[in-house]
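A closer look at the structure
Given next are the chains, with one letter for each unit.
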Amino acid sequence: MTDTDETTGTSSGLPETVALGRAATALELKRGELDLAVQLGHVHTMQGKPPGRARVSREEIDRLRGAEGFPEALRERVRTVGTAEGARLISTTPSRFTRLARTGHVIPVRFYLNRYRAVVWLYLAPDLEEFAARNPDLLDGRLPAPLRARLDDGEDWRARNWRGHRLGLLLRRCDDPWERTAAIASLLDPVLVAETVGDPYERAHLERLRPEPPYARTESPAVREATDRLLRADDPDEIQWHRMHLGHSLEEARASSPAPRPDLPRPRPPRLGVPASRALGGTVPDPRWRSAAVSSCAEGAPAVPLPPRGPDLRLPAPPGPDSGAPGRHRAPTRRLPRGLLARLRLRKPSAASPG
């Protein structure tokens, strides 16, 4: 049995929902293309189990496979190009294309690290074609003076625009106000987030809702480090904007529902030296046990041993009536060394002398 039916253009033999890897096979896309299609909203997903694992329904796969021009039309919507191919696509030079990207006229949607660990930006092909149709005067000739001044100052908006584009996609997919706030907070340094969100419970809730980074868990440490660095806002104006945005979103989240807090404090473990019955909330020992201990110490006998510690926390049985006089515990006989007994031998009292 095959996963797709070529005659009807619908899926067959698929469960109600499938993982992204199997959905990419059914939609004849590469995994990276499917991830971008999900981010752009071309493929709708649903939460799976465990939470955080997106899945695609069989109805969604049938809808996409039944669309006109499948699969070429879907592939074209998520096709990305680099600088050289993008320049050929809009009929300009690679250097002019890079300048347009640095000034924010074309926005990257993805990136990767090459063999030299340099960031290579990728751009959506349909967006480039739309930009070229709207701005033919920027593709050749001399750039306007304001753009040349920005380039001379070393301005580069590629990372900033990529963060803004990614944030817009995340906010579009968020339904909960706390999720939107967490998406904004993910672009700021934790120290800046703590200055804006003073409540530690709210910060912990935002950390739990933080969006997954745009890289797989199997990526190399160099990729993760570079991506984490690009995810954080680094320009002062950008940081100030996101902090203001975070404050407004936090007010909306607080108005919708409070952040979860622990209802009751956790029980403390028993302290050392506290009687087991009191530490565990048990009953008070039999009063006869206390009277036996006191009487033993009063008679000079060794103190009655404390209850055992460890798994067996039961107290020893109090002394019974057969231990001696009623109501009193007879202390155990203490034997002295023979030498000491000889020195402490008692003399008999002498007879009284006659008067």
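Structural notes, computed from the coordinates. All figures in this text were calculated on a predicted structure; none of them were measured in a lab.

So, the environment of Arg63
Inspection of the secondary structure assignment puts Arg63 in helix 3 (residues 58-65). Sequence separation of Arg63 and Val43 is 20 residues, and the distance between their C-alpha atoms is 9.8 Å. Non-local contacts of Arg63, meaning those with residues more than four positions away in its chain, are made with His42 and His44.

Notes on the sheet that holds strand 6 (residues 80-81)
Reading across the sheet, the 3 strands line up as 6-8-7 and stay open at both edges, with antiparallel pairing between neighbours. Of all strands in the sheet, those bounded by a partner on one side alone are strand 6 and strand 7 (108-113). Bridge count for strand 6 against strand 8 (residues 119-124) is 2 bridges, and the pairing is antiparallel. Paired with Val81 across the strands is Tyr123, a residue of strand 8. Across the sheet, helix 2 (residues 31-40) lies against strand 6, strand 7 and strand 8, angled at about 150 degrees from strand 7, the strand it touches most.

Here's the deal with the pattern of salt bridges
By the definition in use, this model includes 19 salt bridges. The residue Asp234 makes a salt bridge to Arg163 at a minimum N-O spacing of 3.1 Å. Separated by 71 residues along the polypeptide, Asp234 in the loop between helix 13 (221-231) and helix 14 (236-256) and Arg163 in helix 9 (residues 158-173) bring together distant segments of the chain. Overall, Asp234 belongs to the exposed group, its relative accessible area being 58%.

Overview of the side chain of Thr103
Tracing the sequence through the fold places Thr103 in the loop between helix 6 (94-102) and strand 7. Classification of Thr103 by relative accessible area gives buried; the value is 6%. Of note is the side chain of Thr103, whose polar atom sits 3.2 Å from the backbone oxygen of Leu100. When neighbours within four sequence positions are excluded, Thr103 is seen to be in contact with Leu147, Arg150 and Leu151.

Some points on the sheet that holds strand 5 (residues 54-57)
Spatial strand order, 3-5-4: 3 strands in an open sheet with antiparallel pairing. A single partner strand is all that each edge strand has here, and the edge strands are strand 3 (17-19) and strand 4 (46-47). Here strand 4 pairs with strand 5 via 2 bridges, running antiparallel. When the bridges of strand 5 are listed, Met46 appears paired with Arg55. Packed onto the sheet, helix 3 meets strand 3 and strand 5 and runs at close to 60 degrees relative to strand 5.

Things to note about the pairing of strand 7
Side chains on a regular strand alternate between the two faces of the sheet. Taken together, the 5 bridges between strand 7 and strand 8 define a ladder with antiparallel strand orientation. By the bridge assignment, Leu113 is partnered in strand 8 with Val119. Count of turn residues in the strand 7/strand 8 antiparallel hairpin: 5 residues, of which Arg117 carries a positive phi of about 60 degrees.

What counts as what
Residues numbered from 1 in each chain as written. Predicted model: local features only at pLDDT ≥ 70, side-chain atom pairs only at ≥ 80, totals over all residues. Heavy atoms only, no water. Helix = DSSP H or I, 4+ residues; strand = E, 2+ residues; numbered from the N terminus. Contact = heavy atoms within 4.5 Å. Pairing = 2+ DSSP bridges. Axes fitted to C-alpha atoms, helices over the stretch in contact; angles between N-to-C directions. Salt bridge = Lys/Arg side-chain N within 4 Å of Asp/Glu carboxyl O. Buried < 20%, exposed > 50% of the residue type's maximum accessible area, 1.4 Å probe, protein only. Polar contact = N/O pair within 3.5 Å; in protein donor to acceptor, adjacent residues only side chain to side chain.

Shape descriptors only; they carry no functional weight alone.
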